[in-house]
Amino acid sequence: MSAPKVLVLRAPGINCERETLHAFARAGGAPEFVHIRQLLAAPERLDRYAILAVPGGFSYGDDIGSGRVLAQEMKAALGPRLLGFVGRGGLVLGICNGFQVLVRLGLLPCTRGRLEEEVSLTHNLSGHYECRWVTLRTTKSRCTFLPAGLTLRWPAAHGEGRLVARDATLQRLLVDEGYATAVYVDEQGRPTEHYPQNPNGAPLGIAGLTDHSGRVLGVMPHPDRSYLPTHMPDWRRTALDRGELPADGDGMVVFRTMVATARAES
Amino acid sequence: MQAWRIDVVARPDQPDPIGDAALRSLRSAGLDGVTRVRSRRGYLLGGELAAAQVQTFAGAVLCDPVVEAFAVHAPGDTPPPPAAGSHAVVVVPRPGVTDPVAHSVQKALGDLQLPLVATGTYRVFDVAGTVAPARLLQAARKALANDVVQEVQLDALPTGLPGDPPPPDLAVREVDLAALDAAGLERLSRDGGLALDGTEMAAIQAHFRALGRAPTRLELETLAQTWSEHCKHKTLTGNVRCDGRTIQNLLKSTIAHVTRTLDRDFCVSVFTDNAGVIRFDDEDSVCIKVETHNRPSAIEPFGGAGTGVGGVIRDVLGTGLGARPIASTDVFCLAPPDLPADRVPPGCLHPLTVLKGVVAGVRDYGNPMGIPTVNGSVHFDELFVGNPLVYVGNVGMLPTARARKQPRAGDAIVALGGRTGRDGIHGATFSSLELHTESETLSSGAVQIGDPITERKVMDAVLRCADEDLFSAITDCGAGGFSSAIGEMAEGLGAEVELRHAPLKYRGLAPWEIWISEAQERMVLAVPPDRLPRLLQVCAEEACEATVLGAFTATGRLVVHYAGTRHADLDLRFLHDGLPVQTREAKWTPPRHAEPQLEPEADLAGALLAVLADPGVCSKEWIVRQYDHEVQAGSAGKPLCGVANDGPADAAVLAPKLGSWRGIVLANGLNPRYSRIDPAAMAECALDEAMRNLVAAGGDPDYTAILDNYCWGSTKDPQALGELVRATDALCALALTYRTPFVSGKDSLHNEFRVAGSPGAPDRVIRIPGCILVTAMSVIPDVRRTLTSDCKRAGSRLVLVGVTKDELGGSVYWKTKGALGARAPRVDHALGRDVLHGVHRAIAAGCVLAAHDLSEGGLGVAAAEMALGGRLGARIDLAAVPREGGVDRPEQILFSESASRILLEVAADRLADLQANLHQVPFAVVGEVTPAPELVFHRDGRLLAQVGLDAVERAWKRPLDLDGTLAPEAGR
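Fair warning: this is a prediction, and the values are worked out from it, not measured in the lab.

Quick notes on the overall build of chain A
Here comes step 1: Each helix and strand counted, chain A has seven helices and eleven strands in total.
Here comes step 2: Over its C-alpha trace chain A gives a radius of gyration of 17 Å, about what one expects of a compact globule, namely 18 Å for 266 residues.
Here comes step 3: If you line up chain A on its principal axes, its C-alpha atoms span 50 × 45 × 35 Å.
Here comes step 4: Within chain A, residue pairs in contact and separated by at least 24 positions form 74% of the contacts whose partners lie at least 6 positions apart.
Here comes step 5: About 8,400 Å² of surface is accessible on chain A, with carbon and sulfur atoms providing 50% of the total.

Quick look at the structure:
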């Protein structure tokens, strides 16, 4: 079985492309950079890949609204093709700014199979950007590859990560119907809306989403900054306690399961 | 020009964090009557658009349909008056100030195939409550905006976009110097903001007299930029007469002499490029540069710090044939954040405003660039009230084979990146002058706002072109703009430039303004003609504007045209070598300070809590969390450590090549307070502290390069220059012993602030204490052999390496008592070296669990921070501390800031290993790590102080807990 091909999207202002590429390569994928201009010039290129990854960053400066300009550009030129990509079995990952792009684009949560903005990732209640390690719990969700019940520590690094649905009913539905894939948890492992365990104040503690098909994953915190054992903030104590350094950091599970799923389905 | 106006607001049922933050700012500015603030984002779009187009665009792009609502106002519509009891504070960028948001709006217009009309932005704060309009306006100018770059109006929304500026003066203007006498030359320099002294002006006069013509304005400006202190470092490269000896070229005979003498084999390129370069592994090198951006940050902290970050990133990007920036550092020196308002002189911003501004500036430039800010420190002293210091550093990686560059005659001169505007004119010369009460209003042209997304595109384009070997030289446009960048690259060659090709942000710039503008985000490349088409293609793919401005020649002349008319024809030898060498007088008279006579400390626990709560010592988590320190995934040792990620790290550890364990350790050392007593102590301790920090985190003292970064008062004063010479001598002597070469450095002189007097009261000058920031960078084989400072295991031993001396002079302990003292810490060179190497051997051998350097606050603070990081306790016997005679009082042992000491946590069964590795270095087991969360200090069993970890945490975190992460105190 050959390594699944991963399209790691580049665009002006995207700045986590190198670590995203390396994480997919480490998981056994065959990742390649494709610049948004190349993709817009030849949209059919997308169909050569098993996985599309939209990395984090500040696409086009994020000046008007995070991810909005890139989402607008992609929606206009690629919208139906993206739905087709997912419909034919492609997997999509959006991390941080990439998640914001997928949400503005309407690819997440996509509860009605249409590209429409149902939720927003908006200003943290603290009013500013923040970089801090958070603890997540993966929930029993529609996501076809991310296992439920994992406790994961990843770094969050954003100014606009508060996931708010169009209305409270939809917010609840995101959890009840398995669109929420991960929640911020407190020391007792309970979903939390409290700062700083929940760094942005997202209602119900929602940190990540999938779509109706379970093949698209968006997360605010960064698995691409926590996939190596030495990425973990307290790896020295962990190594001391276990007698050795673990093989992976907590973020690796995303890349491994995505590559394994793509490979199994190829 | 009339425009569409679009207001975007949070829907009424949605929180408005921006408005809430504004409410907090206005309240803390004393406007207690304000009850509520809601924010609006405003956009202006050229009137040519049709109503339907505006509606579609606003709905699709400007507004977040999930949480926001928008309203469109047609051109010419009169804005409605604010609701009763409410005022609209309107903040608009001043004309000519960079507005990155407006650029993004234009980009989005293009995406939707709409006409590319003019765009503008503004912000509105709708303020409810009881407040006098005049007071609100006054407070808003400081708390919600910066007057220098933004206009603040009350209840007056903008209705249009600025029209075209008046046409520029394109004529060649000659400046008649021939007839001027000495006083006339100096007046011309002062009035024109040239910052050249009488001798320098006379040299220019003589040069053009011999040519039989007058210089053009553009030529004179070119000389002023190139000869500025900022670009030429003429004080440090000049001669100094000091105590009977004359030092020829101070920099060469001290700092550069150390590097030459040591001749370390890991140095690849030193003092010749934008940054110092050392070897990383067989293929790659790592380069490092630290800059200051003090003057702009004093006037506009946000823009000043941000463009400082942007500038040093370009320095690294322009090193060799292009280096990839991988990490940033930042160090600030400010007046105390709680300084009473009546101690802030007119013309100065309050230090808390400066602090918030510079942190936001670093954040909003560094984070979008995708470069982690991994290390830094903040130092507080009231002497920085008029001249805050902002040090910004950057580290980059480049293939060693591409570490050198050389432009060739025939290469095209290509400008890359941002467009040129009137921003930043005279920055280089402005930074060479003293600040004063009026600087805020007079020099606003020197202040710039950054546009990081443009720089990111430049970086992506440059690195792709570098990989394809498409250029033969590169440098950044920093101080002096094109004039310095092209002038420096043309040295030894020649250049012909056509300024009409330079892309401009707006019309109306005279040729000399285009030539010296310091508009940000620009690089200049020398491109061989056969590579040019490919280079332009790559830049287009990366959406980075690239323009050919001319070509390098072999004529030895710098020729500048505008639309074919010659505006300059300068001999490059005169430009680069015609600057008269200065000789300055230096004399150091030791200041008279006495040791305070204090009663023995009655409350040792209370004293420790007071030292922990000093703003220089306290937790900087509020700052650290706003910087992205994880991006690029190279982080292996973070700025905060321990079980709760809140213990202070001594140094940053990076593994920059993904997939390799080879690493870099990065640390800083600075202590301005010692400079008040003895600049030699300040300088030595800066180096020793940087090295202690580096070694404690796992760095190798034998594979370490250092950088010197001077910030000083006026070196025209012999005493100040004497201090500088004394500090330099001490620094160099220690660097020779430590075998650490200087690979790059920088200086910022004239950091003085003149407070205008009144009739009967003379002007008062506030001079900063002379500071040298030492930055140390080590290359290590494996990041898995590095350490953090937090205690790991109850039951392990605490070992203090080094000797504690009677050196409370300049200490934080005495600062908390309102005293300075006279005995500042000095470094025993041989002992210092042995401590660094001994501890490194022990860490490399794996017998150390945690290590933390002793600096501000001494043993007491180091032990408290290690315990807090691990959420464990510590029990320490002060009788066991290795110390010199005369050190007997507990407060001396606990708070002396003697150099060359590191506190280690070592498992009991590894003590023999430790001893074997430390060789002859003095050390002692001084205590143990305990499970109970408290610090206990005793002397042979007699209890001296007992402090709970809760109290330690509160004291240490409270001062800068500006986000309120601390839980409310029990019982409140």
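Having seen the model, we can carry on.
Quick notes on the sheet that holds strand β24 (residues 635-637) of chain B
Residue and element names in this part refer to chain B.
Here comes step 1: With respect to topology, six strands assemble into an open sheet ordered β24-β27-β28-β33-β29-β30, the strand pairing being mixed. What marks the edges here is a single partner per strand, and that holds for β24 and β30 (742-748). Strand after strand, the sheet turns through a mean of 20° between neighbouring axes, direction not considered.
Here comes step 2: Both strand β29 (residues 704-711) and β30 contribute to a ladder of six bridges, which runs parallel. Note on β30: the bridge partner recorded for D708 is G745.
Here comes step 3: Most of the contacts of helix α25 (residues 718-738) go to β29, to which it runs at about 175°, and overall it touches β29, β30 and β33 (771-780).

Here we look at the domain arrangement of chain B
Here comes step 1: Per the domain assignment, the segments making up chain B are domain 1 (3-154), domain 2 (182-236) and domain 3 (789-972).
Here comes step 2: Measuring from the centre of the C-alpha atoms in domain 2 of chain B to the corresponding centre in domain 3 of chain B gives 55 Å.

A short note on the sheet that holds strand β39 (residues 934-939) of chain B
All names here are of chain B.
Here comes step 1: Strand order in the open sheet formed by seven strands is β35-β37-β34-β38-β36-β39-β40, and the pairing between neighbours is mixed. On the outer flanks of this sheet lie β35 (850-853) and β40 (942-948), each paired with one strand and no other. Taken pair by pair, the neighbouring strands of this sheet meet at an average axis angle of 20°, ignoring direction.
Here comes step 2: Bridge count between strand β34 (residues 797-801) and strand β38 (residues 923-930): five bridges; the pairing is antiparallel.

A short note on the interface of chain A and chain B
Here comes step 1: Every contact between the two is made by 60 residues of chain A and, on the other side, 74 residues of chain B.
Here comes step 2: When the buried area of chain A at its contact with chain B is split by residue, I64(A), R236(A) and R237(A) rank highest and sum to 13% of it.
Here comes step 3: Residue K107(B) pairs with E73(A) through a salt bridge whose shortest N-O separation is 2.7 Å.
Here comes step 4: Along the contact surface separating chain A from chain B lie 26 residue pairs in polar contact (both at pLDDT 80 or more).
Here comes step 5: Elements represented by at least two residues in the side of chain A that touches chain B include exactly α1 (17-26), α3 (68-87), β5 (119-123), β6 (130-138), β7 (151-158), β8 (160-165) and α6 (235-242) of chain A.
Here comes step 6: Among the elements that take part in the side of chain A that touches chain B, α6(A) stands out by supplying five residues, more than any other.
Here comes step 7: Here the residues of the side of chain A that touches chain B sort into 24 nonpolar, 15 polar and 21 charged.

Re the environment of L960(B)
Residue and element names in this part refer to chain B.
Here comes step 1: Following the sequence through the fold, L960 ends up in the segment after α31 (949-957).
Here comes step 2: A relative accessible area of 3% places L960 in the buried class.
Here comes step 3: Each C-alpha atom, one on L960 and one on P615, is 7.4 Å from the other, the two residues being 345 residues apart in sequence.
Here comes step 4: If we ignore the near neighbours within four places in the chain, the residues touching L960 are L355, C618, S619, K620 and W622.

Brief notes about the pattern of salt bridges
Residue and element names in this part refer to chain B.
Here comes step 1: Considering all chains together, one arrives at 85 salt bridges over all chains under this definition.
Here comes step 2: For D126, the salt bridge goes to R40, with nearest N and O atoms at 2.7 Å. Here R40 lies in strand β2 (residues 34-46) and D126 lies in strand β5 (residues 119-129), a separation of 86 residues in the sequence.
Here comes step 3: On the basis of relative accessibility, which here comes to 14%, the residue R40 falls in the buried class.
Here comes step 4: Between K817 and E601 there is a salt bridge whose closest N-O contact spans 2.9 Å.

Focus: the packing of aromatic side chains
Here comes step 1: A complete count under the given rule lists seven aromatic pairs over all chains for this structure.
Here comes step 2: With a centroid separation of 6.0 Å and 45° between ring planes, the pair formed by Y710(B) and W712(B) is classed as tilted. Neither Y710(B) nor W712(B) differs from the other in exposure class; each is buried.
Here comes step 3: Ring geometry for Y813(B) against F895(B): centres 4.8 Å apart, planes inclined by 10°, an arrangement best described as stacked. Here Y813(B), found in helix α26 (residues 812-816), pairs with F895(B), found in helix α29 (residues 890-895); they are 82 residues apart in sequence, far enough to count as distant.
Here comes step 4: Taking the relative accessible area as the measure of exposure, Y813(B) reaches 2% and is therefore buried.
Here comes step 5: On the basis of relative accessibility, which here comes to 0%, the residue F895(B) falls in the buried class.
Here comes step 6: An aromatic cluster is built from F24(A), Y227(A) and F255(A), whose rings are joined through pairwise contacts.

Structural notes on the packing of helix α28 (residues 858-870) of chain B against α31(B)
Residue and element names in this part refer to chain B.
Here comes step 1: Contact geometry of α28 with α31 gives a least axis separation of 10 Å together with a crossing angle of 110°. One element, α28, and the other, α31, form an angle in the roughly perpendicular class. Every residue of α31 that contacts α28 at A864, E865, A867 and L868 is listed here: L949, V952, E953 and W956.
Here comes step 2: Within the contact of α28 with α31, the residues separate by chemical class into six nonpolar, no polar and two charged.

Brief notes about the environment of G98(A)
Residues and elements named next belong to chain A.
Here comes step 1: Structurally, G98 can be placed in helix α4 (residues 97-105).
Here comes step 2: By relative accessible area, which is 0% here, G98 ends up buried.
Here comes step 3: Sequence separation of G98 and V219 is 121 residues, and the distance between their C-alpha atoms is 8.5 Å.
Here comes step 4: If sequence neighbours within four positions are ignored, G98 has contacts with V54, P55 and G56.

Re the packing of helix α10 (residues 255-262) of chain B against α25(B)
Residue and element names in this part refer to chain B.
Here comes step 1: Running from amino to carboxyl end, α10 crosses α25 at an angle of 10°, the nearest separation of the two axes being 9 Å. When the axes of α10 and α25 are compared, the pair comes out roughly parallel. Facing I255, V258, T261 and L262 of α10, the residues of α25 in contact are T728, L731, C732, A735 and L736.
Here comes step 2: The residue inventory of the contact of α10 with α25, partitioned by class, reads seven nonpolar, two polar and no charged.

So, how was this worked out
- Numbers given for residues are sequential positions, taken from 1 along each chain in its written order.
- Chain A is the first chain written and ligand 1 is the first ligand written, with later ones labelled in order.
- Since the coordinates come from a predicted model, pLDDT governs what is reported: local features require at least 70, and pairs of side-chain atoms require 80 or more to be given and counted, while whole-chain, interface and lining totals use all residues.
- The side-chain numbers reported here are obtained from all heavy atoms of the structure, hydrogens and water having been left aside.
- Strands here are runs of E lasting at least two residues and helices are runs of H or I lasting at least four, both read from the DSSP assignment and numbered beginning at the N terminus.
- It is over C-alpha atoms that the radius of gyration is taken, and the globule rule equals 2.2 Å times the number of residues to the power 0.38.
- In this analysis, two residues are considered to be in contact whenever any of their non-hydrogen atoms come within 4.5 Å of each other.
- The protein chains shown are the only cover counted for residues, whose accessible areas, like all others here, come from Shrake-Rupley with a 1.4 Å probe.
- The criterion for strand pairing is that DSSP finds at least two bridges linking the strands in question.
- Lines fitted to the C-alpha atoms define the axes, with helices restricted to the stretch that makes contact. Angles between their N-to-C directions range from 0 to 180 degrees.
- Marked domain ranges trace back to an automatic or database domain assignment.
- Simply put, the buried area is the total loss of 1.4 Å probe accessible area from both parts when two parts are fitted together.
- By convention in these notes, a salt bridge is any Lys or Arg side-chain nitrogen within 4 Å of a carboxyl oxygen on Asp or Glu.
- Distance and chemistry together define a polar contact, namely a pair of N or O atoms within 3.5 Å, with one atom able to donate a hydrogen and the other to accept it when in protein, and with adjacent residues in sequence counting only for side-chain atoms on both sides.
- Note on residue classes: Ala, Val, Leu, Ile, Met, Phe, Trp, Tyr, Cys and Pro are nonpolar, Asp, Glu, Lys and Arg are charged, and everything else, Gly too, is polar.
- A simple rule labels every residue: compare its accessible area, found with a 1.4 Å probe on the protein chains alone, to the largest value its type can have, and call it buried under 20%, exposed over 50%, or partly exposed in between.
- Pairing of aromatic rings covers Phe, Tyr and Trp, the last counted by its six-membered ring, and requires centre-to-centre distances within 6.5 Å; plane angles under 30 degrees mean stacked, over 60 mean edge-to-face, and any other angle means tilted.
- With respect to orientation, any angle under 35 degrees is reported as roughly parallel, any angle over 145 as roughly antiparallel, any angle of 65 to 115 as roughly perpendicular, and every other angle as oblique.

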